[in-house]
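Below, each chain spelled out in residue letters.
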Amino acid sequence: MTPPDAPGAISPAADDLRRWGLDPAWSRRITITGADGRTVDWHVLDTGPGPKGTIVCVHGNPTWGYLWRDVLRRLSPDWRVVAVDQTNMGWSERTGPRSMAERVDELVAFCRQEVSGPLVLMAHDWGGPIAVGASAELTVQAVVLANTAVAKPEGVAVPPLIATARRMVDLACRRTPLFVAGTAAMTAAEHRAALRAPYGAADRREAVARFVADIPLDPSDPSWAALGRSADALAALDVPLLLVWGGRDPVFHDRFLADLLERAPHADVHRFPRAGHLVPLDEPIGEVAAAWLDGVLAEPPDLDSAETDAVATDAPSAGPTAAPDEARFRAVTAALGERADHTSAAYTGPDGSVTWAELAARSDMVARRLLGAGLAQGDRVALLVPPSGDMLVVAYGIWKAGGVLVVADAGLGPKGLRHALRGATPSWVVGTRRTLVAARLLGLTPGARRASLDRVPGALALAAPLLGAPAPLPALGPDDVAAVVHTSGATGPAKPVRYRHGALAHQRDVVASSFAMTGDEAFTTSFAPFVLLGPALGVPCVLPDIDVTRPGDLDLDRLVAACEGHDVGVAWLSPASARRIVATAEGRRAPLRLVMLAGAPIDADLARGITAVTGADVRAPYGMTEAMPVTDGTDATRPGPLGGTATGWPLVGAEVLVVPLDDPDGEALPAGQWGELLVSAPWMRDGYDRRWRTDTDATVHRQGRRFHRTGDVGYADDEGRLFQLGRLAHVVWSDPEPLASVAVEQPIAEALGRPVAAVGVGPVGNQVLVVVVDQPGRLGLADATTTDAVRAAAAHPVAAVLAGPLPVDVRHRSKVDRAALAAAADALLAGR
C-alpha cells in the first residue's frame, strides 16, 4: 500500500491493481467539497477521456470501484469511465459518518467538479438510490442500475441478510469481516481478494457498519426522507434507463425489480437468470451497457424527405409484422362468446369434457372473480394448472380479465421453473391444490396472490359464487400484452417470449386458414400447450390419455381411443409420439385427414411411416416458440438437394430469408445455398421479456420489416421450399468450409439404421468432424465395424467415431444437445 494522502486514506498498490486486472494508471485521488463545505479525499478509478462521453459508476456496500472492472475495461477508451469510492468506503478517506442525503450531495459535488457535459450514471446496491437521487441535480443522459432499490416494496420483508446484519451490525460489519467476506463470497473466487482488500481492519470497516445501520426501513429512520426523494427522482426520470439484474440475488431479488419497473415502466431490462447480487462482476454487463448506450444515445440521422419516407417503414406500426388495427381486431377470446350457447364438447380429455357453454360461462366467472379481487389489466398471472378442461377455463378467464399469462413447461424441472417464473414476477399464481403447495415450497412465485378452482386455504376461490354486481370485463386490444411463454430449453437456456394479443389473433387466423381448421372436426395433440389453440379457433380439442410430460407414451391404441367418437381429423404430434405410434401400429391404422409433426428435425422415414399408419396429409411445419408456424409443412417426405427436414413453403404473410452465417445483415443467399434462417410474420413474438440484449441480438430490421434470428440453418430449393438443417450453434466450423450437422448426419443414420449426431471438436475454423452413434452405456470409441460403416457413409472426412447415448430433450426426444455432446467428445479425445 502507498502512504496515506489524507487521514484514513490509503491508495492501492500498483502491483495489486495489476493483479486484480486494473490499470494502475486509472487510480488517482481527488479532493471534493460537499454542500456543507466539508472537504473529503476520494479515491477513484478513472480511465481518462473518451470521445463518447463520461460514465460515473457508484458502488454499494461493502464494495468499491473494483466492482465496475468489466465496465472500466470494456467501455474505455470509447468512454471515460470513472468508478468512485464513496467517503469512508474503498480506498477513500475515513472521516465522519455520512447519511444517504450527504452521500447524494457528495456525488453531485464530485460530478460538478470533475465531469463536463451530460453524463451516464451507473450504480449498484445502495449506490442505486444515491445515484438516482443525484440525477435530479445533474445533467444526465442515461442511467444504468444493477440490483438495487429506491424503496422496500409493499409486502416484502427486509432481506434476511440485511436483517441479520442490522441485528448484529457492530459484530458482523465492523469488529469482524463477516459482512465483507460474506459479500465477496457471492461472486467468483478471482474477485474476492480485491473486494476484501480495502476493509482489512476494524477501523476501515466502520462505514460498512454505518451504511447498514443507515438503511431506512420505516419513517422513523434518519434517511427515510432521502430514500423517498430518490424514489420520486426515479419516477420523474425522463432519460433512457437500463436495469441489469442478477436473478439469484438473495438481497435485491426480483420483487425489487418489479417495484422499479412499476416506478419506471419505460426502463429496458436485461436479466441474467443465473447471476447473483454482484452481477457487475458475475456477467459481462459492460458489453450489454455498451450496446445499449450506442442504441439509446445514437443521434437521429439527418435525412432528406426521400430518405425519411424510406426509413418511416421501420416504425413499429408499419410493415407486415404490425398488429391488426382496432377495427379489424378479433381477440382470441371471441370464439367463446360466439359459442356460448353450444352444448357440444369444446374439450375432452382424461379429466372429462367441457362444453362450449360451460367453458364460456366458467371462464367469465373466473375473470370476474379475479377482477373483483383486484387483478388489474396487464397484471401477470402464473398458470400452474396442468393441461385439462380447468386449464382452458382459467387461461381464458385470465385473458378475459386482461391478465397476462405466464407459462413455463414443467419439463424444465424445479430449478428451471423457479428461474422462469421468478423472473416474470407474476402478481398472481393460479393453480391446483397440489401445484400451489409446490409453488410455495419451491419458492416459484414469491409475493404472488394465490387463486384456484379448488378450495385451497388462503387462496382466492375462483369457483365461488359472485357476490354483488359483477365487474365489467375489459376490452382487449391488439397491443395489449397477452402472454409470456418460456421456450422448452431443448437447445439452450429457456427464454421468456412475450406475445401481444394482436400476434395471437394473427396466429389463430393463419392456423385456421392454412390447415383448414374448423369446428367441423376436432384435433388431438401430444403437445400440451397446443390445447390452448382450440377455444381460440373454435375447434374442439381431444387430449389423449397420457402423461403430458411424456409424449412418447402416445401409442397407436391411445391415439385411436382419443379419436373414437370425437370426429378427430387432425393430429399435431411430437416426433416422440409419431415414432411410438408407428412402432406400435403392427399393420393397424388410425385414419386422419392431417398430421402435423413439430420439433425438427423430422426425418423422411418418420413422415412416411406416420403417413402409412394414418393415411393423412403429413406435414412438418417450420416454427419455434417465437413464431409458430412459419411454413405449411408440405412435402415432408421429399428429400432436399442438401438434405435436411422438408418444411414446405412460407405461409401467407410470413417471409423467410437465408443469410450468410453470423451475418444477419448480409445479402440474402440464392436458392440452393445454406445459411442462417431469418423469419418474419405478423404472429411473431413481441420480444424476449426482460432480456434486452437477447432481444436485440435476435432482432434484425431489413427494409422496414422486423425479422427474428432463429438460430437455425437451412436453405430454399429452386421452387421455394424451405429445408431446415439444424442449429447454427451446432455447425461444425471445419476447414475449408462449415458443415451443417443435420446434413452430415442424415446419410450416416440412414446407412446404419440408428440415430447419430455430428459435432465439431477443436478451435472454430479448424474443427474436426466427430460422429457419435447412439448406443446405451458410457460414451467411448466405437468398435471397428461401426467406425468403418460411418466413414463409408459419410460425405466428409470423419476424425473419430464414438458410441454412447445421445442427450435429447424431454419433449420432442429428437433435439440432441450437441454442445454438451461436443464437450464430452472433446474431453474423451483430449491427448489421443
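Residue positions are counted from 1 within each chain, in the order its sequence is given. Restriction of local features to residues with pLDDT of at least 70 applies here, the model being predicted, together with a cutoff of 80 or more for giving and counting side-chain atom pairs; totals for whole chains, interfaces and linings are based on all residues. With hydrogens and water set aside, each side-chain value is computed from the structure's full complement of heavy atoms.

Novice: I would appreciate a short explanation of the pattern of salt bridges in the present structure.
Specialist: Pairing of side chains with opposite charge becomes possible as their charged atoms draw close. Between Lys or Arg on one side and Asp or Glu on the other, a salt bridge is scored when a side-chain nitrogen of the former is within 4 Å of a carboxyl oxygen of the latter. In the structure shown here, the tally under the stated rule is 45 salt bridges. Here Arg174 ties to Glu206 by a salt bridge, and the two come within 3.9 Å at their closest N and O atoms. Of the two residues, Arg174 is situated in helix H6 (residues 169-175) and Glu206 in helix H9 (residues 206-213); the sequence distance between them amounts to 32 residues. Throughout, exposure labels follow a simple rule: accessible area from a 1.4 Å probe, protein chains only, divided by the maximum for the residue type, with under 20% read as buried, over 50% as exposed, and the rest as partly exposed. Judged by its relative accessible area of 22%, Arg174 falls in the partly exposed class. Glu206 sits in the partly exposed class, given a relative accessible area of 28%. The shortest N-O distance in the salt bridge between Arg721 and Asp635 comes to 2.7 Å. Residue Arg721 is located in the loop between strand E28 (705-716) and strand E29 (722-727), and its partner Asp635 is located in the loop between strand E22 (617-619) and strand E23 (645-646); the two are separated by 86 residues in the primary sequence. On the basis of relative accessibility, which here comes to 6%, the residue Arg721 falls in the buried class. Overlapping salt bridges bring together Arg380, Arg498, Arg500, Asp686, Asp689 and Arg690 as one network. Helical segments are the DSSP runs of H or I of at least four residues, strand segments are the runs of E of at least two, and each set is numbered from the N terminus.

Novice: Explain the nonpolar core to me, please; I cannot follow it from the model alone.
Specialist: Most often, soluble globular proteins keep nonpolar side chains buried together rather than apart. By nonpolar core we mean a set of buried residues, namely Ala, Val, Leu, Ile, Met, Phe, Trp, Tyr and Cys, connected to one another through side-chain atoms within 4.5 Å. Among the nonpolar cores identified, the biggest contains 104 residues, and Phe110 and Met122 are the most heavily contacted of them. The contacts of Met122, once residues within four sequence positions are left out, are Ile55, Val56, Cys57, Val58, Trp68, Val71, Leu75, Val144, Ala289 and Leu293. Core analysis: the second largest hydrophobic core is formed by 76 residues, Ala503, Ala536, Leu543 and Ala698 among them. What makes two residues a contact is simply this: any of their non-hydrogen atoms within 4.5 Å.

Novice: It is not clear to me how the packing of aromatic side chains should be interpreted in this structure. Could you clarify?
Specialist: Centre-to-centre distance and the angle between the planes together describe a pair of aromatic rings. In summary, the pairing rule links any two rings of Phe, Tyr or Trp, Trp by its six-membered ring, whose centres are within 6.5 Å, and it sorts them by plane angle into stacked for under 30 degrees, edge-to-face for over 60 and tilted for everything else. In the structure shown here, the tally under the stated rule is twelve aromatic pairs. Geometrically, the ring pair formed by Phe515 and Trp572 is edge-to-face, given 6.3 Å between the ring centres and 65° between the ring planes. Here the residue Phe515 occupies a position in the loop between helix H20 (501-514) and strand E18 (522-525), and Trp572 occupies one in strand E20 (residues 568-573), the gap between them amounting to 57 residues. Residue Phe515 is classed as buried on the basis of its relative accessible area, which comes to 1%. For Trp572, a relative accessible area of 2% corresponds to the buried category. Centroid distance Tyr715 to Phe723: 5.1 Å. Interplanar angle 10°. Geometry classified as stacked. Judged by its relative accessible area of 0%, Phe723 falls in the buried class. The structure contains a cluster of three or more aromatic residues connected by ring pairs, namely Trp20, Trp64, Tyr66 and Trp91. Put simply, a charge is over a ring when the Lys NZ or the Arg CZ is close to the ring centre, within 6 Å, and near the line of the ring normal, within 35 degrees. Directly above the aromatic system of Phe211 lies the positively charged group of Arg103, at a separation of 4.4 Å from the ring centroid. When the ring centre of Trp356 is taken as origin, the NZ or CZ atom of Arg339, which lies over that ring, is 5.6 Å away.

Novice: Just to check I follow, could you spell out the sheet that holds E20 for this structure?
Specialist: The strands making up a sheet associate through backbone hydrogen bonding, with each pair oriented either parallel or antiparallel. Any two strands with at least two DSSP bridges between them are considered paired. A sheet is described by the order of its strands in space; here seven strands give the open sequence E10-E9-E19-E18-E20-E21-E22, paired in mixed fashion. One side of each edge strand has no neighbouring strand; the edge strands of this open sheet are strand E10 (352-355) and E22. Judged from the two bridges that link them, strand E9 (residues 345-349) and strand E19 (residues 541-542) form a sheet pairing that is parallel. Counterpart to Thr348 in the pairing with E19 is Val542.

Novice: Where do I start with the sheet that holds strand E33 (residues 800-804) in this structure?
Specialist: Pairing is mixed across the open sheet formed by four strands, whose spatial order is E30-E31-E33-E32. Bordering the open sheet on either side are strand E30 (756-761) and strand E32 (780-781), each of which pairs with just one other strand. Running over the sheet, helix H26 (residues 741-752) touches E30 and strand E31 (768-774) and is turned about 140° from E30. What counts as an axis is a line fitted to C-alpha atoms, over the stretch in contact for a helix, and the angles between N-to-C directions run from 0 to 180 degrees. Against the sheet, helix H28 (residues 818-829) touches E30, E31, E32 and E33, its axis set at about 65° to E30.

Novice: Can you help me understand the pairing of strand E5 (residues 119-125) in this one?
Specialist: Moving residue by residue along a regular strand, the side chains alternate between the two faces of the sheet. Within E5, seven of the seven residues are buried, which leaves it mostly tucked inside the rest of the structure. Pairing between strand E3 (residues 54-58) and E5: five bridges, direction parallel. In the sheet register, Cys57 faces E5, and the bridge partner there is Met122. Two strands pair when backbone bridges link them, and E5 and strand E6 (residues 140-148) are joined in this way by seven bridges, in the parallel orientation. Pairing of Met122 across the sheet is with Val144, part of E6. Crossover handedness is defined by viewing with both strands directed away from the observer: a clockwise path from the first strand over the helix to the second marks the crossover as right-handed. Handedness of the E5-helix H4 (residues 127-135)-E6 crossover: right-handed.

Novice: Could you clarify how one ought to interpret a positive patch on the surface in this entry?
Specialist: Where like charges cluster on the molecular surface, the positive patch consists of Arg248, Arg274, Lys415 and Arg418. With respect to the element layout, Arg248 can be found in the loop between strand E7 (241-246) and helix H11 (254-263). Patch membership requires over 30% relative accessible area and the absence of a salt bridge. Like charges are linked within 9 Å, and nonpolar side chains (Val, Leu, Ile, Met, Phe, Trp, Tyr) within 5 Å. Only the protein chains shown count as covering a residue, and every accessible area follows the Shrake-Rupley method with a 1.4 Å probe. Here the positive residues are Lys and Arg and the negative ones are Asp and Glu; neither His nor the chain ends is included. To locate a charge, the coordinates of NZ of Lys, CZ of Arg, CG of Asp or CD of Glu are taken.

Novice: How should a nonpolar patch on the surface be read in this particular structure?
Specialist: A contiguous nonpolar patch, built from Val437, Leu441 and Leu442 and spanning about 290 Å² of accessible area, is present on the exposed surface. The topology assignment puts Leu442 in helix H19 (residues 433-442).

Novice: Can you walk me through helix H18 (residues 413-424) in this structure?
Specialist: Along an α-helix, a turn takes 3.6 residues, which lines up residues three or four apart on a common side. Helix span, as expected, comes to 1.5 Å for every residue beyond the first. With twelve residues, H18 extends 17 Å between its outermost C-alpha atoms, agreeing within 8% with the 16 Å of an ideal straight helix rising 1.5 Å per residue. Most of H18 is tucked away, with nine of its twelve residues classed as buried. Of all the positions in H18, only Gly413, Gly416, Leu417, His419, Ala420, Leu421, Arg422, Gly423 and Ala424 are classed as buried. The inward-facing, buried residues of H18 contact H11, strand E8 (268-272), strand E11 (380-384), strand E12 (404-407) and strand E16 (481-486).

Novice: Help me out: how do you make sense of H26 in this one?
Specialist: Over its twelve residues, H26 extends 17 Å from the first C-alpha to the last, a length consistent with the 16 Å expected when each residue adds 1.5 Å. Among all positions of H26, only Ser741, Val742, Val744, Glu745 and Ile748 are buried. Along the axis of H26, the buried positions cluster into a sector of 150°, meaning they face one direction only. Projecting away from the buried face of H26 at angles above 90 degrees are the exposed residues Glu750 and Ala751. In this structure, the buried side of H26 is in contact with E29, E30, E31, helix H27 (784-793) and H28. Once H26 ends, the next one or two residues include Gly753, with phi positive near 70°. The directions from the helix axis to the C-beta atoms form the arc being described.

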